[in-house]
Amino acid sequence: MQFKSQAAAKPYFVAAIGLFVGQILFGLIMGLQYVVGDFLFPAIPFNVARMVHTNLLIVWLLFGFMGGAYYLVPEESETELYSPKLARAMFWVFLVAGALTILSYLAMPYARLAELSGNNIVQTMGREFLEQPLPTKAGIVVVALAFLFNITMTVLRGRKTAISSILLLGLWGLAIFFLFSFYNPSNLVLDKYYWWWVVHLWVEGVWELILGALLAFVLIKVTGVDREVIEKWLYVIITLTLITGIVGTGHHYYWIGTPEYWQWWGSVFSALEPIPFFAMTVFAFNMVNRRRREHPNRAATLWALGTGVMSFLGAGIWGFLHTLAPVNYYTHGTQITAAHGHMAFYGAYVMVVLTIISYAMPILRGRPCNSPRAQVVEMWSFWLMTISMVFITLFLTAAGILQVWLQRVSDTPLPFMVVQEKIGLFYWMREWTGVVFLVGLVVYVASFFIKGDERPA
Amino acid sequence: MAAAPRGLAVAVTAEALYLANLTVLPGLAFVALAVLGWYWRRADAPLVRNHLRQTLWVSGVGGALIALVASSLLFVHAEHDFVRGGSLWVVVVLYFTVVHSTLVLFGILGLARAMAGQSFRFPLIGPRLLP
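Quick look at the structure, then.

About the criteria used
- Residues numbered from 1 in each chain as written.
- Chains lettered and ligands numbered in written order.
- Predicted model: local features only at pLDDT ≥ 70, side-chain atom pairs only at ≥ 80, totals over all residues.
- Heavy atoms only, no water.
- Helix = DSSP H or I, 4+ residues; strand = E, 2+ residues; numbered from the N terminus.
- Rg over C-alpha atoms; globule rule 2.2 N^0.38 Å.
- Buried < 20%, exposed > 50% of the residue type's maximum accessible area, 1.4 Å probe, protein only.
- Contact = heavy atoms within 4.5 Å.
- Buried area = accessible area lost by both parts, 1.4 Å probe.
- Salt bridge = Lys/Arg side-chain N within 4 Å of Asp/Glu carboxyl O.
- Polar contact = N/O pair within 3.5 Å; in protein donor to acceptor, adjacent residues only side chain to side chain.
- Nonpolar A, V, L, I, M, F, W, Y, C, P; charged D, E, K, R; others polar.
- Phe/Tyr/Trp six-rings, centres within 6.5 Å; stacked < 30°, edge-to-face > 60°.
- Lys NZ or Arg CZ within 6 Å of the ring centre and 35° of its normal.
- Patch = residues over 30% accessible without salt bridge, like charges linked within 9 Å, V, L, I, M, F, W, Y side chains within 5 Å.
- Areas by Shrake-Rupley, 256 points an atom, 1.4 Å probe, with all protein chains shown as cover.
- Lys, Arg positive; Asp, Glu negative; His and termini not counted.
- Charge placed at Lys NZ, Arg CZ, Asp CG, Glu CD.
- Axes fitted to C-alpha atoms, helices over the stretch in contact; angles between N-to-C directions.
- Parallel < 35°, antiparallel > 145°, perpendicular 65-115°, else oblique.
- Left-handed = near helix turned anticlockwise from the far one by under 90°.

**Considerations on the overall build of chain A**
Looking only at helices and strands, chain A features 16 helices and zero strands. At 22 Å, chain A has a C-alpha radius of gyration in line with the 23 Å of a compact globule built from 457 residues. Each of the three principal axes of chain A carries a C-alpha extent, and together these read 65 × 45 × 45 Å. Relative to its 457 residues, chain A shows a buried fraction of 61%.

**Thoughts on the interface of chain B and chain A**
Across the boundary between the two partners, chain B contributes 23 residues, which contact 22 residues of chain A. Roughly 1,800 Å² is buried in total at the junction of chain B and chain A, and carbon and sulfur atoms are behind 83% of that figure. Our count for the contact surface shared by chain B and chain A stands at zero salt bridges. The interface formed by chain B and chain A includes two residue pairs in polar contact (both at pLDDT 80 or more). Elements with a minimum of two residues in the side of chain B that touches chain A: helix 4 (81–84) and helix 5 (87–115) of chain B. Sorting elements by how many residues they give to the side of chain B that touches chain A places helix 5 of chain B first, with 16 residues. A class-by-class count of the residues in the side of chain B that touches chain A yields 15 nonpolar, six polar and two charged.

**Details of the packing of aromatic side chains**
Across all of its chains, the model carries 52 aromatic pairs over all chains by this definition. Relative to Phe-180 of chain A, the ring of Phe-177 of chain A has its centre 6.4 Å away and its plane inclined at 25°; by these criteria the two rings are stacked. Ring pairs connect the aromatic residues Phe-177, Phe-180, Tyr-183, Tyr-193, Tyr-194, Trp-197, Tyr-253, Tyr-261 and Trp-262 of chain A, which therefore count as one cluster. Just above the ring of Trp-38 of chain B sits the side chain of Arg-41 of chain B; from NZ or CZ to the centre is 4.2 Å.

**Details of a positive patch on the surface**
On the surface, Arg-49, Arg-53, Arg-121 and Arg-128 of chain B cluster together into a positively charged patch. Within the secondary structure, Arg-121 of chain B is located in the segment after helix 5.

**Quick word on the packing of helix 1 (residues 9–35) of chain A against helix 13 (residues 335–364) of chain A**
Residue and element names in this part refer to chain A. Relative orientation of the contacting elements helix 1 and helix 13 amounts to 155°, with a least axis distance of 11 Å. Our classification of the angle between helix 1 and helix 13 gives roughly antiparallel. The element helix 1 and its partner helix 13 pack so that their crossing is left-handed. Together, Ala-9, Lys-10, Phe-13, Val-14, Ile-17, Phe-20 and Tyr-34 of helix 1 and Gln-335, Val-350, Leu-354, Ile-356, Ile-357, Ala-360, Met-361 and Leu-364 of helix 13 make up the contact between the two elements. Of the residues that constitute the contact of helix 1 with helix 13, the class distribution is 13 nonpolar, one polar and one charged.

Next up, the structure:
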């Protein structure tokens, strides 16, 4: 470890992995509720399981991004973190706030939580992914501001690189767009319009900058390719991301009551959205092909390459599959969306966080990389999770195609719940593949405890 | 700075045309790839020979895998109850998506190899590497 204060990243990574396990457990509960409707009812109703599953995902990815930034920025800036104490304090604030929020989802009905948490003062709850009560949302803003202050001050007083600048741009964008979660107009069209400014401009905008920066950092470290080459690629990728992703928001505006021109703008620009992911995959493989050294951390290299491939498939291909307005007319809100969401989140954001963890965690634990045995186990977890995610996506896609056909295309369309019964087989297959994913995750966690011939950093 | 391997530009162009044929310019890009292959048919640079041979062959096999198999699936079952039940669409759309995205992904790997001045064999359906 080049700088002592990089150690601030470690608790963030540990919390991220812990919450990841929680997310998958609730995913399995919810997956079972698709086919056994009263499973765990009334203790954990479906809407609560879903909320916990998605909220945990967001929170653990944020932990991962913050941990990644605390590790990356001192090394890029060639200076200690501005305030390691602030980083540690904010970790606990975020963890406690996050845990209390999840517990409150589970402990009481959502309407009661809204009543207790001051939703009548500023109404922000009740919207998908932004279900957090007002104090939690305010807490997220406080933590984000403190985090950004810490990171920005570190960058300002040290070396400025393209990677740290793009990371900062992404993190500031993340914080700024979150502010739209406080805006909840009573007009439903306006509400959904700005809701996407958080959700879409996060995952198909500023988060991609964070993804690009983290990936570029790890690729420089594991390949030894010149920084100039990697930074040029990074500029191209983020330019493509922003050009396609910002106007691409229009693909969410087709059927919510916005003007019809969005069907053209949304279709054209979001059809181009696979291009940055395409470039990212070429980038990752090109850098590894041109590597100047054999880094001993083979697991981190595998995660980096996997990020390129899976984000291209999940976000690029599966996004394109249903992004054109005439197709989306039939597919919106079906299991095809769920298929895309699963593979895109896993391929782009889960994998990039696991990439930086895989690279940084051994160094934070005092060695350049894990023992070969531990790495083999970690690579097993890579394949188990990745292959099972491919099959989860395929089964959900199959369910989605049948759903579209039976519910929306057929001459004699069937009601929603009747169709759900008919596609139950695919839900079962998805559930079992989800179990394999959980096994992969357990193997991943186990890899941290495997000893071997460790070399000091 | 090390000199670029001989034939790098042609190899990269071949892989790029292979990808364009699968994505933005189906048919036209294949014609361009065929012309490129014909023009460089006597090239002795191993990089050029390798990438042209791979992309031309896999474009053909890939085209057959995508167009012929998907359309024959539809043709064979056109009057069958299976179609009316929607199950055929599950098979055809999944088949098309999986095969097409796999071919694109292979192309990306090939392009990255070409850009690095390295030879490449498409997994599963690529012809054997020349000695």
